[in-house]
Amino acid sequence: MDARTVSALASLARWLTDPANWQGSHGIPVRILEHIELSGLSVLVAVAVAMPIALYFGHTGRGGFVAINVANIGRALPSLALLAFGLVIAISLGLGLGFWPTVFALVPLAIPPVLTNAYVAVREVDRDVVDAARGMGLSESQILRSIEVPLGLPLMLSGIRTAAVNVVATATLGALVAGGALGRFIVDGLALQEYDQLMAGALLVALLAVGTEVSFAALERATVPPGMAAIR
Amino acid sequence: MKRGRMLVAALVAVAVVASACGGTGGTGGAAKPDVIVGSTNFYEQITLGELYSQVLEANGYKVTRKFNLGAREIVEPALESGQIDVDAEYLATLLAFVDKDGTIAKPTTDPKATQTGLQKALDPKALTVLDYAAATDQNGFVVTQATATSKSLKKLSDLVPVAKDMVLGGPPECPQRPFCALGLKNTYGITFKDFKPLDTGGPLTITALDGKQIDIGLLFTSDPSIVAKNFVLLDDDKHLQLADNIAPVVRNALLQKDDGTLKRLLNSISAKLTQPELNDMNKQVAVDKADSKVVAAAWLKKQGLIK
């Protein structure tokens, strides 16, 4: 490593170990909590919107193609534009700056992976199993609840995992519209030309995203139904 | 300052300036030289350009308007080279621009001293800065009318006893900048309860102040929202901010062709241009979307400068 890299890493380490940066309403713990709160709510809203649609179309097997393609628009819309749009809406509704405009930008980003995976998860459940259940007299909602959702759960969770990781990494945008969360370190670091703060912010976001990924992967493994785990 | 407003449409502006070349012919009346009035590219500059143009036209000058040329990086060289003859400038910012290292003079918080320093820096460029107005376009701290009333705030030093319960909002770099929170602390001894990072005199700060998410915000002193939202601009009574008073800058060549009327007319505008007057015009143009030509004409009539 050359001298500049070493000194940059040293100043990053100094910033991260400075007790002043771990205290108060602008400290790292508060920013991490804000980041989790912001990302968590955005993913929850996305799940609440996408899941019923995915389960309905997945179960009936009709119109899923259209639903997935409509949801995929969320992937194409630039988050920055959604953020600006969300800011205008939040101001007009009196919701203030920061939090809600960012949620508005993050939800459309989270919907496509949740919807697509949940739809595919339900469709991929072995049709013989579903037909057998129907033959045994289970109602359509019973089939969905006791057969399709449990068997598809690992794949559904994998969709939520993709959404959550995307959202955690993108929630940094909120700092542009006066939000809190870890993006604050990046935006303020740039404004103040304090590159140790900027790098620390980026590093913390990356760690949080990796942490999200790992937690969801563990959750997916834990939710594989015992019978399916044996097949695999 | 004003960086945000200086998005340079460089190519367009260069083209406009180029097309203005050779328009300085003195073929008008014997004692009335033709004048090209220029401006940079935001609403306040265009209104100021209209004020200068209309007062000259009303007194028999043939005026060509070259507005919206771009940032100062375009307009100042255009003035030096004679592609324009006069424009409205800001004392401290122009001084820092023409004398970047401060070898001739450094901008100060005193407008008179800054003007004297600026003239020294402009002498080698054959330019003259005329009288400055009371109106400025510089950093200013504003509160809502309700806050001003309840805490009886008129000037920045009024904040000293109450600031510990107030949240300041401004650009993210504010806490460490001498013309923002750091300056308030060092010059006035003011420390706020908290600081909320927002933007540089933009919509975030205005909305946060309006929505009571902050108690005091940093805006530019001529921001139209001060009038539109009925904000109160606190007087910088200990002179923290550099003097960015508005003043016309004219080419010496033009002044030499003239009998002194032009100088008198432009100075008569500066004499009447107070902060509330400027902010009111800015609000009409930027918020109410009125035509700057009409706004300028109405103001000049009201002040008795044109008929």
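Residues numbered from 1 in each chain as written. Chains lettered and ligands numbered in written order. Predicted model: local features only at pLDDT ≥ 70, side-chain atom pairs only at ≥ 80, totals over all residues.

A. The overall build of chain A, seen in detail. Tallying secondary structure elements over chain A gives 10 helices and zero strands in all. Secondary structure elements of chain A, listed N to C terminal, follow the sequence α-α-α-α-α-α-α-α-α-α. Relative to its 232 residues, chain A shows a buried fraction of 41%. When contacts within chain A are restricted to residue pairs at least 6 apart in sequence, those whose partners lie at least 24 apart make up 74%. (Helix = DSSP H or I, 4+ residues; strand = E, 2+ residues; numbered from the N terminus. Buried ≥ 20, exposed ≤ 12 C-beta atoms within 10 Å, placed from the backbone. Contact = placed C-beta atoms within 7 Å.)

B. Main features of the nonpolar core. Core analysis: the largest hydrophobic core is formed by 87 residues, its most contacted members being A46(A), A50(A), A110(A), V114(A), L115(A), A118(A) and V167(A). With 16 residues, the top contributor of residues to this core is helix 5 (residues 99-123) of chain A. Counting 56 residues, the second largest nonpolar core, distinct from the first, contains V55(B), A78(B), Y132(B) and W299(B). (Core = buried A, V, L, I, M, F, W, Y, C linked by C-beta atoms within 7 Å.)

C. Structural detail: the domain arrangement of chain B. Residues and elements named next belong to chain B. On domain assignment, one finds that chain B holds domain 1 (3-135 + 243-302) and domain 2 (139-233). Averaged C-alpha coordinates put domain 1 and domain 2 at centres separated by 30 Å. On the domain 2 side, the residues contacting the 11 residues of domain 1 number eight residues. (Domains from an automatic or database assignment.)

D. Geometry of unusual backbone geometry. In this structure, A181(A) takes a positive phi of about 65 degrees despite not being glycine. Among the structural elements, A181(A) can be located in the loop between helix 7 (140-170) and helix 8 (183-191). Residue A126(B) is not a glycine yet carries a positive backbone phi of 55 degrees. Residue position: A126(B) is located in the loop between helix 5 (111-122) and strand 4 (127-129).

E. Expanded view of helix 4 (residues 79-92) of chain A. Between the first and last C-alpha of helix 4 of chain A there are 20 Å, a value that for 14 residues agrees with the 20 Å anticipated at 1.5 Å per step. The secondary structure elements touched by the buried residues of helix 4 of chain A are helix 5 of chain A together with helix 8 (203-210) of chain B. Two residues or fewer past helix 4 of chain A, G94(A) is found with a positive phi of approximately 75 degrees. (Expected span 1.5 Å × (residues − 1).)

F. Main features of the environment of D85(B). Residue and element names in this part refer to chain B. In this fold, D85 is placed in the loop between helix 3 (72-80) and strand 3 (86-90). Its 26 C-beta neighbours within 10 Å are what place D85 among the buried residues. On a C-alpha basis, the gap between D85 and A31 in space is 16 Å, while along the polypeptide they are 54 residues apart. Setting aside residues up to four positions removed in sequence, D85 forms contacts with V35, I36, V250, R251 and L254.

G. Quick peek at the interface of chain A and chain B. Taken together, the 11 residues of chain A in the interface contact 13 residues of chain B. In the side of chain A that touches chain B, the residues fall into seven nonpolar, two polar and two charged. (Nonpolar A, V, L, I, M, F, W, Y, C, P; charged D, E, K, R; others polar.)

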